[in-house]
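Residue-level structural notes
Residues per chain, in single letters:
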Amino acid sequence: MGNAALQSGELIELFVIGTAVVPTGEADQVGDVQLVFSANDAVKVTYRTATETAVMDFKDGVWRFAGKSGYPVSTANVKAVVTQVAALQKLEPKTDVASRYTSLAVEDISPTARSRELIIEAANGEVLAAVILGRASGTMQFDPLGGMYVRVPGEQRSWLVRGGVPLPPTAQDWMERQIVHVPGPDIKLLQIKEKGQVVLNTEKEVDPNGVSRYQLVPRDEKIQAADSAVKQVASRS
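Here's what I pulled together on the structure shown here. Bear in mind the structure is a predicted one, so any value in this text is a computation, not a measurement.

Attention now goes to the overall build of the protein chain. Scanning the protein chain for helices and strands turns up three helices and 14 strands. The proportion of buried residues among the 237 residues of the protein chain is 40%. The long-range share in the protein chain, meaning contacts at least 24 apart out of those at least 6 apart in sequence, stands at 50%. Put simply, the protein chain shows about 13000 Å² of open surface, and 52% of that area lies on carbon and sulfur atoms.

Here it is in structure tokens:
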């Protein structure tokens with residue numbers, strides 16, 4: 001997407017057609033055009049499954065979780081999902097009978113649903129795209145883009161579409177795992193706090209042979225810091 005939300009120089013204009021979102025200019029578009037929007041306007045993404053709901057907002061130049069202490073979300077994950085939705089091409093109408101939705105995994109979200117729902121919104125609250133993502137199609141295995149079943153929330157008709165939207169399996173997998181990177185050799189001191197209280201304080205020491213170890217601060221000859229564990233924590237920073 002073109003704005004900072006997706007950190008890409010491109011402008012993707014989309015048609016929301018029937019139940020699928022497809023790029024403008026496609027020769028095989030079908031159905032009536034309901035809405036034209038620019039993916040650059042996306043500032044909120046809601047991801048719903050049977051077990052959880054993840055809401056991600058774009059604020060102050062960063063994608064973050066809403067309701068999870070503002071934890072950063074991977075921009076790459078958001079960009080991939082939105083562009084994959086943009087690439088879906090509607091191919092064939094499928095069932096409009098609610099009792100058959102489960103066979104395609106396009107049922108409404110419920111505690112037993114296998115479906116996943118994705119909602120993309122603009123800053124003014126306008127829904128730019130909303131789609132229930134079902135299972136992959138077994139009849140399009142030899143198509144390089146593959147296929148899957150989808151349905152627009154509130155609409156009866158389901159559809160086979162060309163393309164796919166591999167979503168992170170859980171809300172945790174949307175997260176930006178690495179917040180800051182400091183090379184391990186540069187870390188001289190590692191301190192861990194809980195509720196404002198220091199629970200672990202270690203400092204790197206180098207012996208005359210050039211071997212480095214983390215030692216507790218203040219030193220306690222009766223207690224040794226678990227050097228391998230400290231180094232593992234340091235390597236994840």
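Back to the text.
Look at helix 1 (residues 75-87): 18 Å from first C-alpha to last across 13 residues, which is about the 18 Å you get at 1.5 Å a residue. Among the residues of helix 1, Thr75, Val78, Val81, Val82, Val85 and Ala86 are the ones counted as buried. Mapping the buried residues of helix 1 onto a view down its axis gives an arc of 140°, with all of them on the same face.

Using the criterion set out here, one finds two aromatic pairs in the structure. A centroid spacing of 5.4 Å and a plane angle of 50° characterise the contact between Tyr47 and Trp174, whose relative ring orientation is tilted. Of this pair, Tyr47 sits in strand 4 (residues 44-48) while Trp174 sits in the loop between strand 11 (158-162) and strand 12 (189-194), and the two are 127 residues apart along the sequence. On the basis of relative accessibility, which here comes to 0%, the residue Trp174 falls in the buried class. Plain terms: the ring middles of Phe58 and Trp63 are 5.5 Å apart, the flat faces sit at 50° to each other, and that makes the pair tilted. Each member of the pair, Phe58 as well as Trp63, is classed as buried. For the cation-ring pair, Lys90 lies above Trp159, with the distance from its terminal atom to the ring centre recorded as 4.0 Å. Between the NZ or CZ atom of Arg151 and the centre of the ring of Tyr101, over which it lies, the distance is 4.2 Å.

Attention now goes to the environment of Pro218. Within the secondary structure, Pro218 sits in the loop between strand 14 (212-216) and helix 3 (227-235). We classify Pro218 as exposed; its relative accessible area is 69%. The sequence separation of Pro218 and Glu203 amounts to 15 residues, and the corresponding C-alpha distance is 9.2 Å.

In this structure, Met56, Leu118, Leu133, Val150, Val165 and Trp174 are the most contacted members of the largest nonpolar core, which totals 30 residues. Not counting the four nearest positions on each side in its chain, Leu118 is found in contact with Val45, Thr46, Tyr47, Val81, Val85, Ala129, Ala130, Val131 and Leu133. Core analysis: the second largest hydrophobic core is formed by seven residues, Tyr101, Leu104, Val106 and Leu160 among them.

With respect to the secondary-structure elements, Glu117 resides in strand 8 (residues 116-121). On the accessibility criterion, Glu117 (7% relative accessible area) is buried. Reaching out from Glu117, the side chain makes a polar contact with the side chain of Arg48 at a distance of 2.8 Å. Discounting chain neighbours no more than four positions away, the residues touching Glu117 are Thr46, Tyr47, Arg48, Ile109, Val131, Ile132 and Pro153.

Turning our eyes to something else, we now look at the sheet that holds strand 11. A sheet is described by the order of its strands in space; here eight strands give the open sequence 6-5-4-8-9-10-11-7, paired in antiparallel fashion. At either margin of the open sheet sits one strand with a lone partner, and together these are strand 6 (62-65) and strand 7 (89-93). The sheet shows a mean angle of 30° between the axes of neighbouring strands, taken without regard to direction. Pairing geometry for strand 9 (residues 127-136) and strand 10 (residues 147-151), over three bridges, is antiparallel. Note that in strand 10 the partner of Ala136 across the bridge is Met148. Packed on one face of the sheet, helix 1 meets strand 4, strand 6, strand 7, strand 8 and strand 11 and runs near 95° to strand 8.

Parameters and conventions
- Residues numbered from 1 in each chain as written.
- Predicted model: local features only at pLDDT ≥ 70, side-chain atom pairs only at ≥ 80, totals over all residues.
- Heavy atoms only, no water.
- Helix = DSSP H or I, 4+ residues; strand = E, 2+ residues; numbered from the N terminus.
- Buried < 20%, exposed > 50% of the residue type's maximum accessible area, 1.4 Å probe, protein only.
- Contact = heavy atoms within 4.5 Å.
- Areas by Shrake-Rupley, 256 points an atom, 1.4 Å probe, with all protein chains shown as cover.
- Expected span 1.5 Å × (residues − 1).
- Arc of directions from axis to C-beta.
- Phe/Tyr/Trp six-rings, centres within 6.5 Å; stacked < 30°, edge-to-face > 60°.
- Lys NZ or Arg CZ within 6 Å of the ring centre and 35° of its normal.
- Core = buried A, V, L, I, M, F, W, Y, C linked by side-chain atoms within 4.5 Å.
- Polar contact = N/O pair within 3.5 Å; in protein donor to acceptor, adjacent residues only side chain to side chain.
- Pairing = 2+ DSSP bridges.
- Axes fitted to C-alpha atoms, helices over the stretch in contact; angles between N-to-C directions.

Keep in mind that these numbers describe shape and distance, not what the molecule does.
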